[in-house]
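Structural overview for review
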Amino acid sequence: MQVNYKIKTKPYAHQVEALDRSVDKESFGFFMEMGTGKSKVLIDTIAYLGSQAINPLDRVEFALIIAPKGVYRNWINKEIPEHFSDEIAHTVCHWQANHTKTYRDKVRAFFNSRDLGVKIFVMNVEAFSSAKGKKAGEWMAEKFGRFGLIAIDESTTIKNHKAKRTKSLLKIAEKFKYRRLLTGSPVTKSPMDLYSQFQFLDPSILGYDSYYAFQGHFAVLQKRTMGAHSFQQILGYKNLEELTDKIAPFTYRVLKKDCLDLPDKTYTVRHVTLTTEQVRMYKELQEFAITLLDGDKLVSAPQMITQMLRLQQVLSGHVKTDEGDMLEFPTHRLSAMMDCIEEASGNIIIWSRFRYDIVQIRNELAKVYGKDSVVSYYGDTSEQDRQLAIEKFQNGNARFFVANPATAGFGLTLTEANTVIYYANDFNLETRSQSEDRCHRIGQKNPVTYIDLIADGTIDEKIIKALRDKIDIGAQVLGEEAKEWLRLTPKSQAA
C-alpha cells in the first residue's frame, strides 16, 4: 500500500516505509530508534486516517497520545505543530493534574467543540496511575474510542504487567479502533517486556490470556523456594524465533545506522520536573542572586557566574556552600537520563560539568548495566585511566562514556557513540561545540542524536538556547539577559 497525501514536512525513506506498512492496520508498533523520527510517522498516521480513510467508518476523529512527563510536552510544543498537515483541521489539548477553573473551561470547550477535523489530547503516562487520570482515560475511550486512535510513546513504560498504569491502559485501549506503540527499544531487560505492550496493541497477536502462560512458553523457568515462599526464576529464554514471527507483521524496526538519509545531527530535549526540595533551594538562591545583581555594589562576571553555577547545581540535586559543604536533595534528573538510555541503542556519551554528577551517573549505570559497561573521564581520572577509558569505549567493551566536557571535550575521538546526553551543560560555547564534535567527526558512520535535559522555568532553558544559538553566555551574564534568566520561575510539577 502506498500512502499519498499532502504532508507538512517531507518524510525520509524509512518513514514512508513505516507509514506504508502500518496505516491500514488497526494495531501497530513503531520500534524506531531515537532520532529516526517515529513521532512524525504517528502524526502522519493520525492525519491520514483523519482525512483520507477510504471507508468513513475507518476515519479517525480523536487521538489520545500518551507519553512520559519528560516527553509529552514535546508533542504539544514541537512535534504536532511542526509535522501535522496544515490541510487537515485539528485541535490540541493536554492533561493537567491540577484542574483549575481556567483549565476546566479550556478542556470543556475542547471536547464540546463541533469543529470538523481531529481532536488530539495528550496525557502523561504517570497520570494513569491515579484515579483521576484513569477515570478521564476511560471516559475518552467510551466517548471517542469507536472513531479514535490511542498511542503510547516510549511504550516500555507499560512493560510491567502488574503496574496500575499498565492495567488502566490495557482496559482503556480495548475501546479504541486504532492502537499504536512507539519506542526505540521494546525489550529493555528481557523478552518478557513484550507481553503488556502487545496486550495493549491486540491480545490476539501473541495469543496468550495471561502473563504466566506467555512466560511459561517463552522463558526457561526453575522453581525456587525462600523460606515459606516459592517463585519461578527465569534462567533463560526459548522459542524466540516463534515470538519474532508473531510480532513481525505488526511492527516496524529501524536503527539510525540503517537510515542513510537522516541529517548528521538531531537535537531533542527531555523535560525534567523538579522535586519540592529543589524548587525551595532554587528560589532561595535565585532571590539571593537577584538581590546581589540589583545591589549598590559592582558585581563582577565571575561572581555572577558563581551564582548561576549554584542554580545549575540545584537542578542536578546538589549544591556546594561557601563553607565547602555539599548539600544533597532528591532529583528526577537521573531517572530522566535512564529513560533516555532505554530508548537508545549503541554507545552513549553523557556530559556533565559537575564531578558530583559524573560519580553519581557512573554508579547508577554500573548498578543497572554492570561495572564494565561504563567508563568515566574527568579531573580525578589518572592519565593511564583516561587512555584506557577511551580505548575501552572505542573498541566496544564499554557502552557508556561519562565525562566532564571541559576535561574530555577537546581532542578526543569517540566515534563509537551515536547518542549524546547533556546532563548539565557547561556555559562555555567552545566547550559545547567541541564536546559535540567528539563523536561527530571523521570515522563516524551514523547520524548523532543530542539530548539536553531541561528543568522547565529555570536557567536550563536559557543556557541551552544560548548555546544552540551560538551565543557567548559569558558576554551576557551582567546584562538584562542575566536578570531575565534569574527571574524564571521553576516548575515543580508537570502541567
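Model, not experiment: these values are computed from the prediction.

1. Quick notes on the overall build of the chain
Secondary structure assignment for the chain yields 19 helices and 17 strands. Overall, the chain is about 70 × 55 × 55 Å in size when its C-alpha atoms are taken along their principal axes. Looking at the chain as a whole, 53% of its 495 residues qualify as buried. Here the analysis covers contacts within the chain between residues at least 6 apart in sequence; of these, 73% occur between residues at least 24 apart. Working note: accessible area of the chain is about 22600 Å², and carbon and sulfur atoms make up 50% of it. Averaging the positions of the 67 positive and the 62 negative side-chain charges in the chain gives two centres separated by 5 Å.

2. Side note on unusual backbone geometry
We note that Glu-154 has phi near 60°; this positive angle belongs to a residue other than glycine. With respect to the element layout, Glu-154 can be found in the loop between strand E5 (148-153) and helix H6 (164-173). Classification of Glu-154 as buried rests on a relative accessible area of 6%. Backbone geometry at Asn-239 places phi at a positive 55°, although glycine is not the residue there. For Asn-239, the position within the fold is in the loop between strand E8 (229-237) and helix H10 (240-247). Given a relative accessible area of 34%, Asn-239 falls into the partly exposed group.

3. Observations regarding the pairing of strand E3 (residues 90-94)
Note: E3 against strand E4 (residues 118-124), five bridges, orientation parallel. Within E4, the position partnered with His-94 by the bridge is Val-122. What joins E3 to E4 is helix H4 (residues 101-112), and the crossover it makes is right-handed.

4. What to know about the sheet that holds strand E1 (residues 27-32)
Pairing is parallel across the open sheet formed by seven strands, whose spatial order is E3-E4-E2-E5-E6-E1-E9. Every interior strand has two partners, whereas the edge strands, E3 and strand E9 (251-254), have only one. Across the sheet, the mean angle from the axis of one strand to that of its neighbour is 15°, orientation sign disregarded. Both E5 and strand E6 (residues 178-183) contribute to a ladder of five bridges, which runs parallel. When the bridges of E6 are listed, Asp-153 appears paired with Leu-182. Across the face of the sheet, helix H3 (residues 69-83) comes into contact with strand E2 (62-67), E3, E4, E5 and E6 while running at roughly 155° to E4.

5. Some details on the packing of aromatic side chains
Throughout the structure, instances matching the rule amount to 21 aromatic pairs. Ring geometry for Phe-62 and Phe-111: centres 6.3 Å apart, planes at 35°, overall tilted. Separated by 49 residues along the polypeptide, Phe-62 in strand E2 and Phe-111 in helix H4 bring together distant segments of the chain. For the pair shown, Phe-62 and Phe-111 are each scored as buried.

6. Section: the layout of surface pockets
In this structure, the largest pocket occupies an estimated 640 Å³ of space. Gly-37, Ser-39, Glu-79, Thr-266 and Thr-268 are, among the 30 residues lining the largest pocket, the residues nearest its centre. For the lining of the largest pocket, the secondary-structure elements that each account for two or more residues are helix H2 (38-49), H3, strand E10 (265-271), helix H13 (333-343) and strand E17 (448-454). Its residues placed into classes, the lining of the largest pocket shows ten nonpolar, eleven polar and nine charged. Size it by volume and the second largest pocket reaches roughly 440 Å³. In terms of lining residues, the second largest pocket is bounded by 21 residues, among which Pro-68, Glu-126, Ser-335, Ala-336 and Asp-339 are the most central. For the lining of the second largest pocket, the secondary structure elements donating two or more residues are H3, E10 and H13. Here the element with the most residues in the lining of the second largest pocket is H13; it accounts for five residues.

7. Regarding empty space enclosed by the protein
Inspection of every chain in the model, using the stated rule, returns one cavity of 30 Å³ or more. Approximately 50 Å³ is the volume attributed to the largest cavity. Contributions of two or more residues to the lining of the largest cavity are made by strand E16 (417-424) and helix H17 (429-436). With three residues, the single largest contributor to the lining of the largest cavity is H17. By residue class, the composition of the lining of the largest cavity is four nonpolar, four polar and two charged.

8. Points about the packing of H6 against helix H7 (residues 194-201)
In the contact formed by H6 and H7, the axes pass within 8 Å of each other and the chain directions differ by 25°. Taken together, the axes of H6 and H7 lie roughly parallel to each other. Facing H6, whose interface residues are Thr-166, Leu-169, Leu-170 and Ala-173, H7 presents Ser-196, Gln-199 and Phe-200. A class-by-class count of the residues in the contact of H6 with H7 yields four nonpolar, three polar and no charged.

Rules used in this analysis
- Residues numbered from 1 in each chain as written.
- Predicted model: local features only at pLDDT ≥ 70, side-chain atom pairs only at ≥ 80, totals over all residues.
- Heavy atoms only, no water.
- Helix = DSSP H or I, 4+ residues; strand = E, 2+ residues; numbered from the N terminus.
- Buried < 20%, exposed > 50% of the residue type's maximum accessible area, 1.4 Å probe, protein only.
- Contact = heavy atoms within 4.5 Å.
- Areas by Shrake-Rupley, 256 points an atom, 1.4 Å probe, with all protein chains shown as cover.
- Lys, Arg positive; Asp, Glu negative; His and termini not counted.
- Charge placed at Lys NZ, Arg CZ, Asp CG, Glu CD.
- Pairing = 2+ DSSP bridges.
- Right-handed = clockwise from strand over helix to strand, strands pointing away.
- Axes fitted to C-alpha atoms, helices over the stretch in contact; angles between N-to-C directions.
- Phe/Tyr/Trp six-rings, centres within 6.5 Å; stacked < 30°, edge-to-face > 60°.
- 1 Å grid on protein atoms, 1.4 Å probe; cavity = no way out; pocket = protein on both sides within 12 Å on 5 of 7 lines; lining within 4 Å.
- Points joined across faces, edges and corners; volume = space filled by probe spheres on them.
- Nonpolar A, V, L, I, M, F, W, Y, C, P; charged D, E, K, R; others polar.
- Parallel < 35°, antiparallel > 145°, perpendicular 65-115°, else oblique.

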